[in-house]
Amino acid sequence: MDFKRQSANLDLSVENIYDRSKMRLLRFYLLTVPKERDNTEQEKNSTTRTKENEDQKSVSQLLRLENHENNSSHSSYNEHTSLNMCSDDEIQFGPVLADIDDIYDSTIPLNDIHTQSDSQPENSYIANDPGIITNSLGIIADGPGLINNEQLFLDPFHSVKIRVHRGNLMIEMMKIFSDPTIMYATFFDVSMILPTGKAEEGVGEGIFRDCLTEFWNEFMDNCCIGNSQKVPTIRHDFQEEQWLSIGRIIFKGWQIANYLPIGLSIIVMENAMYGKFKSDLMENFLCFITEEDKTLFSTALKDYESVDNDELIEALENHSCRSAVTKESITRILLEIAHKEMVQECNFITDAWAKILSQLGQSLSYENLTEIYSKMEPSNRKVTKMLHFSDNLSNLEREVMNHLQRYVRELDKVLLKKFLRFCTGSDLILDGKDTITVEFVVLDGFGRRPIAHTCGRVLRIPRNYENFTIFRSEFNNILNTSVWVMDIV
């Protein structure tokens, strides 16, 4: 059997298996199972065992005689010595490599196979259980539904290489994460393919953050409804398998890059992680609906008499309200609508995500999650404080520094996230990564442009701008470009 506990294809040569799996070291297992025997076989085996016992007795006596005659100080044989194999729990197949023999030469017990493949639900294991990682490398050679064999493979150190195309990234990421074995990964080496078919040259952890950012931007546009807070919506082409894939992306994004999609309502995340929500439903509902409805409903909650009744009824009908509204019932009706649209309608999705994200709920409390949402949300003041400059700046560089700080302070919310993504690969402020190092370079003419190294969070800007308006215009042109090419290794 192979590492996935599937019968090995004996028609393939070793060379063919290496070519298809893309692995540095192949590993296979011999599986033994109890065999049912008929009476004829039992009689035959009984006769064979009797003869074996006689042979073993003769050999044992011979060995004892040799020991006695040689008067050896190492009495290693006795009357219990036999030709039977010793009772070992497992048989190891080499080679045993120094220092990493536990990785390469561990075997999978028979009861482990039954537990994980037969009786245990597909997604009920704990991904970061050290025992699971030690006993199984979780190597993915050709996961189900992948675009091609080169798109994903795992080496013995749990590093996953992913090839995805800009413009089709969401669908390809979901196919890659459809394999539960991806949960064993500890590092993602992402290669982005441009619409022209050419691979970007950029490598490093910043590419993975950029990949997560683009995935969630596409997901919010294609699979969610809502205003400043989004709620996933049911789609006929997304079944449980697809929603489980997205749940794994949330889990691994947080585990490896400290990235959580805070664009999703915290009500949704709490239901998926803890099975129930504690955040204020009304407050989050007002962020979920349109700005016009938010203003109308907020006013109705504070001063019902000042609201135009026809306008209020029309707004409530847009949310499928079937009750007559009064000053006394407005709060109750809005809470019922909020529960329907933010909890009930996405219940199938949160139930699927709970199979994966309940593990996060064990390590993050409600308070932790609320704090993460607050810290990760970018603001002009937060991003301005992230900019770090050298203490030894020339007058020209100090002037450009002032341009950059003023530029960040004046950005709207959309451009602010684009600026943050340009510098770090993520449109959110990730935990523990709160510095953007600004360096000044000499670039003139058409080559004058800011350059960002997302892995190290370094922003390099030219030191020669005539004035602030030119600086703002050139930086806006870059941020408004639909595709940024990651071409720095």
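Below or above, wherever it landed, is the structure these notes cover.

Parameters and conventions
The residue numbering used here restarts from 1 in each chain and proceeds along that chain's sequence as written. Predicted model: local features are reported for residues with pLDDT of at least 70 only, side-chain atom pairs are reported and counted for 80 or more only, and whole-chain, interface and lining totals are derived from all residues. In computing side-chain values, all of the structure's heavy atoms are included and hydrogens and water are not. We treat two strands as partners when DSSP finds at least two bridges between them. A run of H or I in DSSP counts as a helix once it spans at least four residues, and a run of E counts as a strand once it spans at least two, with each numbered from the N terminus. The axes are straight lines fitted to the C-alpha atoms, using for helices just the contacting stretch, and the angles between their N-to-C directions are given from 0 to 180°. If you view the pair so one helix is near and one far, a crossing is left-handed when the near helix is turned anticlockwise from the far one by less than a right angle, and right-handed when it is turned clockwise. The contact criterion used is simple: two residues touch if any of their non-hydrogen atoms lie within 4.5 Å. Amino acids outside the nonpolar list (Ala, Val, Leu, Ile, Met, Phe, Trp, Tyr, Cys, Pro) and the charged list (Asp, Glu, Lys, Arg) are all regarded as polar, and Gly is one of them. Throughout, nonpolar core names a set of buried Ala, Val, Leu, Ile, Met, Phe, Trp, Tyr and Cys residues whose side chains join them through atoms within 4.5 Å. For every residue, the accessible area obtained with a 1.4 Å probe (protein chains only) is divided by the maximum for its type, and the residue is called buried under 20%, exposed over 50%, and partly exposed between those limits. Buried and open spaces are told apart on a 1 Å grid over the protein atoms alone, a cavity being a set of points where a 1.4 Å probe fits but cannot get out and a pocket being an open set with protein on both sides within 12 Å along at least five of seven lines. Residues with an atom within 4 Å of a point are the lining residues. Grid points are joined across faces, edges and corners, and a volume is the space filled by probe spheres set on the points. By salt bridge we mean one thing: a side-chain nitrogen of Lys or Arg within 4 Å of a carboxyl oxygen of Asp or Glu.

**Details of the sheet that holds strand β8 (residues 451-453)**
If you walk across this open sheet you meet the four strands as β6-β7-β9-β8, and the pairing is mixed. Of all the strands in the sheet, the pair left with one neighbour each is β6 (387-388) and β8. Examined bridge by bridge, strand β7 (residues 436-441) and strand β9 (residues 458-462) share five bridges and lie parallel to one another. When the sheet's bridge partners are listed, V441 is paired in β9 with P462.

**Describing the packing of helix α8 (residues 240-257) against helix α14 (residues 347-363)**
It is at 8 Å that the axes of α8 and α14 come closest, and there the two elements cross at 35°. As α8 runs across α14, the sense of the crossing is right-handed. In this structure, α8 uses E240, W243, L244, I246, G247, R248, I250, F251 and W254 to contact α14, whose residues at the interface are F348, I349, A352, W353, K355, I356, L357, Q359 and L360. Taken together, the residues of the contact of α8 with α14 sort by class into 13 nonpolar, two polar and three charged.

**A word on the nonpolar core**
With 84 residues, the main nonpolar core has F215, W216, F219, F297, L312, W353 and L357 as its most contacted residues. In terms of residue count, helix α7 (residues 205-223) provides more of this core than any other element does, nine residues in total. Not counting the four nearest positions on each side in its chain, L357 is found in contact with G247, I250, F251, M269, A272 and M273. In terms of nonpolar packing, the next biggest core, distinct from the first, is built from 30 residues, M386, M401, A452 and L479 among them.

**Overview of the packing of helix α10 (residues 281-288) against helix α11 (residues 291-302)**
Packing of α10 against α11 leaves a shortest axis separation of 9 Å and a crossing angle of 150°. The way α10 lies across α11 gives a crossing that is left-handed. Here M282, F285 and L286 of α10 lie close against α11, whose contacting residues are K294, F297, S298 and L301. Tallied by class, residues from the contact of α10 with α11 come to five nonpolar, one polar and one charged.

**Describing the layout of surface pockets**
Taken as a whole, the largest pocket holds about 1200 Å³ of empty space. Contributions of two or more residues to the lining of the largest pocket are made by α7, α10, α15 (366-376) and α18 (413-424). Considering each element in turn, the lining of the largest pocket owes the most residues, nine residues, to α7. Looking at side-chain class alone, the lining of the largest pocket contains 13 nonpolar, 12 polar and 14 charged residues.

**Details of the pattern of salt bridges**
One side chain can pair with another of opposite charge once the charged atoms of both are near each other. Tallying each qualifying case throughout the model produces 17 salt bridges. A salt bridge links R460 to E439, with the nearest nitrogen and oxygen atoms 2.9 Å apart. Of this pair, R460 sits in strand β9 while E439 is found in strand β7, placing the two residues 21 residues apart along the sequence. What makes R460 partly exposed here is its relative accessible area of 32%. A salt bridge links R448 to E474, with the nearest nitrogen and oxygen atoms 2.7 Å apart. In this pair, R448 sits in the loop between β7 and β8 while E474 sits in helix α19 (residues 468-479), placing the two residues 26 residues apart along the sequence.

In short, shape yes, function no, at least from these values alone.
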